[in-house]
Structure formats: structure tokens, C-alpha cells
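# Remarks on the overall topology
Here is how the chains run, residue by residue.
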Amino acid sequence: MESTQQLFDQYVIPTYGRFPLTLERGEGCRVWDEAGKEYLDFGAGIAVCSLGHSHPRVVDAMTRQARKLTHTSNLYYTRPQGELAQRLVRLVGHAGKVFLCNSGAEANEGLYKLARKFGNETRSPLPRHAAGEELDYASNRFEILTFDGSFHGRTLAGIAATGQEKVKKGFDPITPGFRHVPFNDAPELFRSIGPDTVAILMEPIQGEIGVRPATVQFLKAVRQMCDDHGLLLMFDEIQSGLGRTGDWCGWKTLADEGVTPDAVSWAKGIADGYPMGAFWVRDREIAMKDGSKMSLANLLGPGSHGTTFGGTPLGCTVANEVLSIIEEENLLANAREMGAYAKAAIENLRSPFIKEVRGVGLMMAFEMVADFSERIGDSRTPSMAMIARLHENGLLSVPSGTHSVRWLPPLNITRADIDRAVEILRSVLP
Ligand SMILES: *Cc1c(COP(=O)(O)O)cnc(C)c1O
């Protein structure tokens, strides 16, 4: 019989460079490979399994609902979808509405479409022509500004939105209508806003290039610029949202109530591993080109967007249970406390090989020194060289850029498990 890795070599399209590990089962923050070796899972997928693996209440909710009703299509109403939408609106804390889908990239597609429709159908506050001429309300704004180093998914529009060249390579022509600007640089962002600009999409905490939070001043400046220029502020909270930072909304950990977006996308941690995405749109009055007014939350009206699998009773029941558990077990507070504890513990190792530890709650990364690979004689990037060592010693971690290692453990992680992970890290540092 072929080994699992042989099956992949022969039959699975090789889009991923995989670690030489075949995982078979999981429980809490632990997983086991085919040979029965145990690993502490500090990736939790990639920030997906917010309650760890096989949480008994999640398994119960999933099996109960699977026996009752799995799928209906969105031609009908189902209770779990209505309740999940209500829950997501409440945790943002502002009136709005939610669309349910299946992944992060798909949630972001909804945001791009929202921005395009907003640009097509509302009046631009910026005059297109020189002073004296009539304002050209007929022109359609379409450009979405995103940031260098950002990640927004792997669809054609997703790679256009993503501020990293490596995801675009080989896929020309790139979908038009996106432009990248430096992160945390308000003056440069201000200069980049043009007559075609309609929205700004940002991760409040950039995940894929090493866990880099926006500064409070930047968040506030971006909101102000959006107000001044009639742009939508859209947050990609696919990685940073729903508890990971110690708040339901990652941006609130950075800037409390000072900043409210017009739209937010979620996915990863929303249903503890059941595939799901969602986006929220703020209930806010907008002025249409024909002079009428409506709510931004109703702009994507009947026929404008859809998805076969989004918001099934099964997925929504699981997400509702996951979000209830986070609330009942006080896991937002746990994410804050354990994040601070883990960050301090890594810093206390005082390793000359660790350049910096960054983190917001349980979204954290430590950056290896630039010449780490040369110093240990490993040809891989510092993040990959480090992760290989951690894996050998039973700790799963996730790379972030070429130099950082991410820890994204379940939100119910304990002090004892963090101690264990830090001990493994200590043991593999040269
Ligand atoms: C993972 C991620 C995505 C893409 O989500 P998929 O479910 O893989 O499509 C988009 N944005 C951010 C910030 C992410 O972390």
C-alpha cells in the first residue's frame, strides 16, 4: 500500500509545500500523527480551531444538527442562520447586517463587490473636474486601496488585493482596481487617495508577514480619511477576529471604541474548523446617484450576490455553539491573559537568536535574527528552519514571512500548555 505522502505525490495538485507530517487525530490542543507521535498544536490549523480539536460541545452540536437538517439552499429561511447573523451583528456592537459564506477569500470577495457597487451607484463626494465645471456624479469609483504585506486570499481578486508579489506571480493579467500603499503610513495613504478610490481594505493586524498591528493613530487617521473622502473602511478580520486578540473585534483591542468600520470579513476561527466565512456591513445611510437614500447594509440586494453552501443550518449551528462557548467560558479574557503570559515567557528566554516577540492576545509571532539560518548551517529560511526543529520536538507552529514563527493556539489554552511549548522552544534554540 502507498504511504499517505505517496498518495499526495501522485494525486494531489502540489500547491502546498507540506511539512513531512501526516496527522490523524486531535483532542484539545494536541494532535497525533499516523505513527502515534503526539504534538502540541500551536497553529490550530492556521488560527482556525479556536476551541482546539474535537471539542465535545462542538461535536455534539454538529452531530445533532446533521441528524436534523444539514442544508436547504438560501431560497429558504433557517433559524440557525438568522441567529448567527444576529450574534455577529451584536458582537460588532453597531447596527448592520451579515452575509454568510464558506471561506475567507469568499468573504473578501463580498467586500470587493460591496465596494464596487458602492462606487457604481452612489454619488462621489470628490469632484472629478476642475473647479467651475459641473460635478461628475456619473463616474464610477472602483479603486480599493490595500497595504504592502497584506494577505486577502487566493481568488483572482484576492491576489490582486494582496500586497505581496509572490501570490500574483504567473497570474497576469491581474484583476484591475487595487493598489497597495505602505502600512502604518497615514501621509502616504492620504496622497494615494484619488478620484477613482472608493474603499480602503486593511487587516487591523497583518497576519501573514509576521503579526504586525496597525497603530492606534493610523487606525484613527484611516477612519478620518474615509469620512472625508466618502470611502468605505473595510477590515479583513479573517485571522484577527472573533476572539483571537482577546476581543471579538481585533481592531477594538488596538483602538477600543474609537474606530468603526463600514464592513468586516471573518472566517478562520468562526466555527472551530468547520469551513465558514462571513461579512458584516454597517447600517448607514448612503446617497445614491438618482438622489435616493438607502442603507449600506441593503446595498447588496436580491440577485446581486449569492452562494450555494453559505449559511447552512449545519455550519451556522456549529458557529453559534463555538461563539457561545467562547462567551460562556470567558475565553476572550483567557486569550488576553495567556497571550501576555506566552509573550513574556518567550522574552524571558532572552535568546540572542530571537530578535523580537510581537503579539496581540493569542495572535503572536517571534522573529528570528536575520542570519539565524547561516548561524545554524540550515539552508532554509529562518522561520522554516526553526519550525522544522519545533516539529521534531513535538510543537506545531506556523511560519509568517521568512523570519517569523507564529503561535496561534486555541483560545482555551492553559498556562501548563504554554509552559510546555516554551520549554520545547527553549530546548531547540541553539
Ligand atoms: C487566511 C486569510 C484569508 C483567506 O482565507 P481563506 O479561508 O484561506 O480563503 C484572507 N485574509 C486573511 C487576513 C487571512 O488570514
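Just so you know, the residues in each chain are numbered from 1, in the order the chain's sequence is written. Only residues with pLDDT of at least 70 are given local features in this predicted model, and only at 80 or more are side-chain atom pairs given and counted; all residues enter the totals for whole chains, interfaces and linings. Values reported for side chains reflect all heavy atoms of the structure, with hydrogen atoms and water molecules removed beforehand.

## Regarding the sheet that holds strand 2 (residues 30–33)
Strands are treated as partners if at least two bridges between them are detected by DSSP. Where helices and strands are cited, they refer to DSSP runs of H or I of at least four residues and of E of at least two residues respectively, numbered from the N terminus. With respect to topology, four strands assemble into an open sheet ordered 1-2-3-17, the strand pairing being mixed. Across the chains shown, the open sheet's two edge strands, defined by having one partner strand only, are strand 1 (23–27) and strand 17 (395–396). Note that strand 1 and strand 2 share four bridges and pair antiparallel. For Glu27, the partnering residue across the bridge sits in strand 2 and is Arg30. Across the face of the sheet, helix 14 (residues 415–428) comes into contact with strand 2, strand 3 (38–41) and strand 17 while running at roughly 110° to strand 3. Note on contacts: a residue pair qualifies if any of its non-hydrogen atoms lie within 4.5 Å across the two residues. Working convention: axes come from line fits to C-alpha atoms, limited for helices to the stretch in contact. Angles between N-to-C directions cover 0 to 180 degrees.

## Quick word on the environment of Ala370
Its location among the elements puts Ala370 in the loop between strand 16 (363–368) and helix 12 (372–376). When near neighbours in sequence (up to four residues on either side) are disregarded, Ala370 contacts Pro382 and His403.

## Focus on the site of the ligand
Definition of nearness: a residue and a molecule or strand are near each other if at least one heavy atom of the residue lies within 4 Å of the molecule or strand. Around the ligand, a shell composed of Ser103, Gly104, Ala105, Asn108, Phe151, His152, Gly153, Glu203, Asp236, Ile238, Gln239 and Lys268 is seen. Between the ligand and the protein, one listed contact pairs a nitrogen atom with a side-chain N or O atom of Asp236 at 2.8 Å. Contact between the ligand and Gln239: an oxygen atom at 2.8 Å from a side-chain N or O atom of the residue. All accessibility values rest on the Shrake-Rupley procedure with a 1.4 Å probe; residue burial counts only the protein chains present in the view. If the ligand stood free it would expose 380 Å²; the protein chains cover 81% of that surface. Here the shell around the ligand takes three residues from helix 5 (residues 104–121), the largest share from any one element. Only Asp, Glu, Lys and Arg are considered charged in this grouping, and only Ala, Val, Leu, Ile, Met, Phe, Trp, Tyr, Cys and Pro are considered nonpolar; every other residue, Gly among them, is considered polar. Split into classes, the residues belonging to the shell around the ligand amount to three nonpolar, six polar and three charged. Here a polar contact means two N or O atoms within 3.5 Å. Within protein one must be a hydrogen donor candidate and the other an acceptor candidate, and residues neighboring in sequence count only if both atoms are side-chain atoms.

## Re the nonpolar core
Counting 91 residues, the largest nonpolar core has Leu88, Trp266, Phe366, Met386 and Trp407 as the members making the most contacts within it. Start and end points for every domain follow an automatic or database-based domain assignment. Here this core spans two domains, and each of domain 1 (4–55 + 330–428) and domain 2 (69–327) adds at least three residues to it. With residues up to four places along the chain from it excluded, the contact list for Trp407 reads Phe42, Ile346, Leu362, Met363, Met364, Phe366, Leu395, Ser397, Ala421, Val422 and Leu425. Counting residues in each nonpolar core, the second largest holds 22 residues, with Leu111, Ile144, Ala157 and Ala160 among its members. Working definition of a nonpolar core: buried Ala, Val, Leu, Ile, Met, Phe, Trp, Tyr and Cys residues. They are joined through side-chain atoms within 4.5 Å. Note on exposure labels: buried denotes an accessible area under 20% of the residue type's maximum, exposed denotes more than 50%, and partly exposed covers the range between, all computed with a 1.4 Å probe on protein chains only.

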